[in-house]
Amino acid sequence: MDYPHILAPVLSFLQCSTPQAWLDKARDPQHLPLLLTDHLVCELKAAQTAMLLVRKYVADKAGADALLAWLQPYEAFAFRGGEEPDFIALQKQISKSVMPETDDPWGRQLIDSMVLLIKEELHHFWQVRELMQARDIPYVKITASRYAKGMLKEVRTHEPLTLIDKLICGAYIEARSCERFAALAPFLDDDLQRFYLSLLRSEARHYQDYLTLAQQVSEEDIAPRVRWFGEVEAALISAPDAEFRFHSGVPV
C-alpha cells in the first residue's frame, strides 16, 4: 500500500500533527488497553454518526428502523453491558438494499457513502475486539474524550448550515484518526501495526466523502468554514488534556 500517497492529502488537510507528547504516552505498552478500548468505541461512534445522518436526512421509516437494528447489538455490548454478539453474523445483515430509493443525487450519494462507512466501521469494531481478546484485554466502559464534543459545540443551529457543519466535523474526525493510525503504527507490535496501516485507505476516503457531501449541499464555497473547524480541531489536539484517549490532546 502506498502510505505516503494516501497520507499526503490528510496531512495537508489537518492544521497540526499529533503532538510528540501524545505519541510518547501512546507507545507505552501499559496504555495499550485504554487505547484499544477507546478505539473500539470510536469505531462504533463513527458508525452512529453516519447512521444518524442517513436517518435524519434521507431514510424512510423502514430504512431508519433497519439502521437502528444494525447498530443495536454493538451499542448494547459497548454502552449497556450486554452480551457479546456474533460479530461475523452481524456483518452479513448490513446492506444498501433496505435503504429507500431516491431521485435526489445528493441523497443517493449520502446513502451510498454512509452505508459503506457504517459497514467498514463496524467491521473495524470487530477487528479491534479480536485484537483485544488475543491480548486478554477485557472490555471495560470508559468515559468519552472531549474531542468530538468540542467540535460539535461549534456547529450552527439552523439548516442547512447544521448539516454542512456536521459533515465538516465528520471529515476532521476521520482525517485525525487516519493521521494517528499512521503516527502510532511504527511503535506497535507487528499484528497491530499491520492492522492500523490497513485502516488508512478507508479513513482517508471517509474524510473526503464527508467534504464532498458538505460542498454539494452548500450554496457557498465551504473552504472558509473548513478552515475554521480546522482551527478548532487543532486547538483541541494541541491543548493540555487531562484524559488520555485516541483523540485527546497533550497529556497533562
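Residues numbered from 1 in each chain as written. Predicted model: local features only at pLDDT ≥ 70, side-chain atom pairs only at ≥ 80, totals over all residues. Heavy atoms only, no water.

Asks: How would you summarise helix α10 (residues 200-217) if you had to cite specific residues and measurements?
Replies: Along an α-helix, a turn takes 3.6 residues, which lines up residues three or four apart on a common side. For α10, which comprises 18 residues, the first-to-last C-alpha distance of 26 Å matches the rise-based estimate of 26 Å (1.5 Å per residue) to within 8%. Here α10 has its buried residues at Leu 200, Ser 202, Glu 203, Ala 204, His 206, Tyr 207, Asp 209, Tyr 210, Leu 211, Leu 213 and Ala 214. (Helix = DSSP H or I, 4+ residues; strand = E, 2+ residues; numbered from the N terminus. Expected span 1.5 Å × (residues − 1). Buried < 20%, exposed > 50% of the residue type's maximum accessible area, 1.4 Å probe, protein only.)

Asks: Could you give an account of the side chain of Glu 174, naming the residues involved and the relevant values?
Replies: As for its position among the elements, Glu 174 is in helix α8 (residues 161-184). Buried within the structure, Glu 174 lacks any salt-bridge partner; Arg 205 is the closest side chain of opposite charge, at an N-O distance of 8.7 Å. Excluding residues within four positions of it along the chain, Glu 174 makes contact with Ala 46, Leu 117, Glu 121, Glu 203, His 206, Tyr 207 and Tyr 210. (Lys, Arg positive; Asp, Glu negative; His and termini not counted. Salt bridge = Lys/Arg side-chain N within 4 Å of Asp/Glu carboxyl O. Contact = heavy atoms within 4.5 Å.)

Asks: Help me get a handle on the environment of Asp 221, residues and values and all.
Replies: Within the secondary structure, Asp 221 is located in the loop between α10 and α11 (223-238). In this structure, the C-alpha to C-alpha distance between Asp 221 and Ala 182, residues 39 residues apart in sequence, is 30 Å. Side-chain polar atoms of Asp 221 contact the backbone nitrogen of Ala 223, separated by 3.0 Å. (Polar contact = N/O pair within 3.5 Å; in protein donor to acceptor, adjacent residues only side chain to side chain.)

Asks: Break down the nonpolar core for me, with residues and values.
Replies: Ranked by internal contacts, the top residues of the largest apolar core, which has 86 residues, are Phe 13, Met 114, Ile 118, Leu 184 and Tyr 196. Looking at which element gives the most residues to this core, the answer is helix α6 (residues 105-134), with 13 residues. (Core = buried A, V, L, I, M, F, W, Y, C linked by side-chain atoms within 4.5 Å.)

Asks: Lay out the packing of helix α3 (residues 32-57) against helix α9 (residues 190-198) with the relevant residues and their values.
Replies: Running from N to C, α3 and α9 cross one another at 30°; their axes reach a closest spacing of 14 Å. As far as their axial angle goes, α9 and α3 are roughly parallel. The hand of the α3/α9 crossing is left-handed. Residues Leu 32, Leu 36 and His 39 of α3 form the contact with α9, whose participating residues are Leu 192, Phe 195 and Tyr 196. Of the residues assigned to the contact of α3 with α9, the class counts are five nonpolar, one polar and no charged. (Axes fitted to C-alpha atoms, helices over the stretch in contact; angles between N-to-C directions. Parallel < 35°, antiparallel > 145°, perpendicular 65-115°, else oblique. Left-handed = near helix turned anticlockwise from the far one by under 90°. Nonpolar A, V, L, I, M, F, W, Y, C, P; charged D, E, K, R; others polar.)

Asks: Pulling in residues and values, what's your account of the packing of α8 against α10?
Replies: Two numbers describe how α8 lies on α10: the axes approach to 8 Å, and their chain directions differ by 165°. One way to sum up the angle between α8 and α10 is to call them roughly antiparallel. As α8 packs across α10, the resulting crossing turns out to be left-handed. Where α8 approaches α10, its residues Leu 163, Ile 164, Leu 167, Ile 168, Gly 170, Ala 171, Glu 174, Ala 175, Ser 177, Cys 178, Phe 181 and Ala 182 are matched on the opposing element by Leu 200, Glu 203, Ala 204, His 206, Tyr 207, Tyr 210, Leu 211, Leu 213, Ala 214 and Val 217. Grouping the constituent residues of the contact of α8 with α10 by class yields 17 nonpolar, three polar and two charged.

Asks: How would you explain the state of the cysteines if you had to name every residue and give the values?
Replies: Applying the stated criterion across every chain yields a total of zero disulfides. Take Cys 42: it sits in no disulfide, and the sulfur closest to it among the cysteines is that of Cys 178, at 14 Å. Judged by its relative accessible area of 22%, Cys 42 is partly exposed. Residue Cys 178 is classed as buried on the basis of its relative accessible area, which comes to 0%. (Disulfide = S-S within 2.5 Å.)

Asks: Before we move on, could you go through the environment of Lys 166 and cite the residues and values that matter?
Replies: The residue Lys 166 is located in helix α8 in this model. Given the relative accessible area of 32%, Lys 166 is considered partly exposed. Leaving out residues up to four positions away in the same chain, Lys 166 has contacts with Lys 56 and Val 155.

Asks: Any chance you could break down the packing of aromatic side chains for me, citing the residues and the numbers?
Replies: Summed over the entire model, instances satisfying the criterion amount to eleven aromatic pairs. Arranged with centres 5.7 Å apart and planes meeting at 40°, the rings of Trp 22 and Phe 244 form a pair that is tilted. Linking Trp 22 in helix α2 (residues 20-26) with Phe 244 in the loop between β1 (240-241) and β2 (250-251), this pair joins segments that are 222 residues apart in sequence. For the pair shown, Trp 22 and Phe 244 are each scored as buried. Between Phe 77 and Tyr 139, the ring centres sit 5.1 Å apart and the planes meet at 35°, which makes this aromatic pair tilted. In this pair, Phe 77 sits in helix α4 (residues 61-80) while Tyr 139 sits in the loop between α6 and α7 (147-152), placing the two residues 62 residues apart along the sequence. By relative accessible area, which is 7% here, Phe 77 ends up buried. Classification of Tyr 139 as buried rests on a relative accessible area of 16%. (Phe/Tyr/Trp six-rings, centres within 6.5 Å; stacked < 30°, edge-to-face > 60°.)

Nothing here speaks to function; it is all geometry.
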